[in-house]
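Coordinate inspection notes
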Amino acid sequence: MAIYLTKEANRCLNCKKPMCKAACPVATEIPEIIQMFKAGETKQAGAKLFENNPMSVVCALVCNHEAQCTGHCVLGRKGEPVRFYEIERYLSNTYLDRIKVPEVEKKHKSVAVIGSGPAGITAAIILVMHGYDVTMFEERCYIGGMLHYGIPDFRLPKSILQRYQDLLVKLGVKIRPNTVIGTALKIETLFADGYSAVFVGTGVWRPKTLGIRGESLANVHFGISYLTNPSAFQLGKKVAIIGMGNVAMDVARTAMRHGAEEVTMYARSKRIAASSEEVEYAQLDGAELVFGRAVDHITPEGPVFKLSIFDEDNRVIGYEEEMEQVYADATIIAASQGPKDKLLLTTEGLEGSERGLLVVDEHMMTTVPGVFAAGDVVHGSKTVVDAVREAKIAAQGIMNYIESL
Ligand SMILES: Cc1cc2nc3c(=O)[nH]c(=O)nc-3n(C[C@H](O)[C@H](O)[C@H](O)COP(=O)(O)OP(=O)(O)OC[C@H]3O[C@@H](n4cnc5c(N)ncnc54)[C@H](O)[C@@H]3O)c2cc1C
Ligand code: SF4
């Protein structure tokens, strides 16, 4: 492993205008980190990665590197790109448990962080490291949001989230698990109790329905509900999955690890929304992909599809008259998620978009002064690194806001 990482680092050209960095949503100083790694300054490199991206160890595992750093490395134009994420994984993983509590002047101001996904964790770490008192409210019993309840363990080991929980506690963040804001406790309660600002990173957890007949049948499930606790479901041997995005890939691979023998994913068009790496792994695990099937309704026997008609550019231009009943023990709908509306319904002045996402300004402040938001609840279902990028802006916005009070 060490030889492989060194070889990978030695291939880097230390470009003056690094395309890898330009393609990273949090502008990771890739060539500089690689030079530090080569010089044996692993602790300093780990610290630099963490300072820029507190979720660096997670991003090294789950970012779509082909679309970002690796895919833009100049060496990839004619040969093999540098796989920086392997170096990042080593540095960040080693550094995570070595992080020291910084000696900072206490600000004696408290901030409430709602949600413990990557957005909430990032904001909490930045704020506590700047001397703010941080309390994190999490609806579920474990921290991590989709990192814990969405992304399966075989892609992102849950032990990493336990290490983040230990880190948060070590840094002084107080965590209130199993506590929902927007029911018994509301945002106004938080301000009344003395919090100076509130960060909202509540993500998107309401499965999108297809609006078709059969979605409430006993053997029909939503992808995110299944991934939250796969052991609670008895899917049977044959599983049909509606959708071909990243969530569908995780559902397929998880179902196969929980006893399903025949897993088929269906898409209306010939376009696959998931990353090529995820598709390759799902196929390697044995999942089948069937294109040109638009689900019309679902029966207890399985989904019923309309067959798409394509033009020469592979665009769907209509459907055949006849329908096709597919037989499956369980049907799982993996058609993305939208936000829940608890906070919008219970917070005066908090504005949402048509899709129920929170409206924010350039500092990530919502329409309620002192309430900031970042991550999926702002932009819809996206990625970990996008949540981090926005949470950094929001944390800075919160600090400026509190200082201006
Ligand atoms: C199956 C799946 C696979 C994915 N794979 C990848 C991947 O490979 N790479 C990648 O980059 N991204 C991936 N994503 C997307 C990524 O996980 C999300 O973009 C990211 O987690 C969003 O972070 P967040 O902090 O905004 O929200 P979340 O991670 O959703 O966290 C929100 C947290 O807020 C809590 N919460 C919600 N409402 C309340 C409330 N009212 N009070 C208190 N707590 C509340 C929730 O319980 C949750 O813990 C995947 C998503 C899914 C579903
Ligand atoms: S683009 Fe490739 S070669 Fe250039 S600095 Fe980045 S990783 Fe190194």
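Refer to the preceding data block for the structure.
In this report, the structure presented in the accompanying data block is examined.

With respect to the overall build of the protein chain
- Looking only at helices and strands, the protein chain has 17 helices and 15 strands in total.
- Among the 405 residues that make up the protein chain, the fraction classed as buried is 43%.
- Considering only contacts within the protein chain whose residues lie at least 6 apart along the sequence, 68% involve residues at least 24 apart.

Examining the site of ligand 2
- Taken together, the neighbourhood of ligand 2 is formed by 14 residues, with Cys12, Cys15, Cys20, Pro31 and Cys73 sitting nearest.
- Among the elements of the structure, α2 (19–22) and α3 (30–38) are those that each provide at least two residues to the shell around ligand 2.

Focus: the pairing of strand β12 (residues 316–325)
- In terms of burial, β12 is a largely surface element, 0 of the 10 residues being buried.
- Both strand β11 (residues 302–310) and β12 contribute to a ladder of 6 bridges, which runs antiparallel. Across the sheet, Val304 pairs through a bridge with Gln325, a residue of β12.
- Connecting the antiparallel pair β11 and β12 is a turn made up of 5 residues, with Asn314 showing a positive phi of about 65°.

Quick word on the sheet that holds β11
- Ordered by their spatial adjacency, 3 strands build an open sheet running β10-β11-β12, and the pairing between neighbours is antiparallel. Two strands bound the open sheet, and with one partner strand each, they are β10 (293–299) and β12. Each adjacent strand pair in this sheet contributes to an overall mean axis angle of 25°, direction not counted.
- Two strands pair when backbone bridges link them, and β10 and β11 are joined in this way by 6 bridges, in the antiparallel orientation. Its bridge partner being in β11, Ile298 is matched across the sheet by Pro303.

What to know about the site of ligand 1
- Inspection of the region around ligand 1 gives 40 residues, with Gly115, Gly117, Gly145, Gly203 and Gly375 positioned closest.
- Elements that contribute at least two residues to the shell around ligand 1 include exactly α8 (118–129), α9 (146–149), α12 (223–228), α13 (246–257), α15 (342–346), α16 (376–379) and α17 (384–403).
- Partitioning the shell around ligand 1 into residue classes produces 20 nonpolar, 13 polar and 7 charged.

Let's talk about the packing of α8 against α17
- Running from N to C, α8 and α17 point in directions that differ by 35°, and their axes come no closer than 8 Å. Between α8 and α17 lies a crossing whose hand is right-handed. Residues Pro118, Ala119, Thr122, Ala123, Ile126 and Leu127 of α8 form the contact with α17, whose own contacting residues are Val384, Ala387, Val388, Glu390, Ala391, Lys392, Ala394, Ala395 and Ile398.
- Considered class by class, the residues forming the contact of α8 with α17 number 12 nonpolar, 1 polar and 2 charged.

Cut-offs applied
- Residues numbered from 1 in each chain as written.
- Chains lettered and ligands numbered in written order.
- Predicted model: local features only at pLDDT ≥ 70, side-chain atom pairs only at ≥ 80, totals over all residues.
- Helix = DSSP H or I, 4+ residues; strand = E, 2+ residues; numbered from the N terminus.
- Buried ≥ 20, exposed ≤ 12 C-beta atoms within 10 Å, placed from the backbone.
- Contact = placed C-beta atoms within 7 Å.
- Near = placed C-beta within 6 Å.
- Pairing = 2+ DSSP bridges.
- Axes fitted to C-alpha atoms, helices over the stretch in contact; angles between N-to-C directions.
- Nonpolar A, V, L, I, M, F, W, Y, C, P; charged D, E, K, R; others polar.
- Left-handed = near helix turned anticlockwise from the far one by under 90°.

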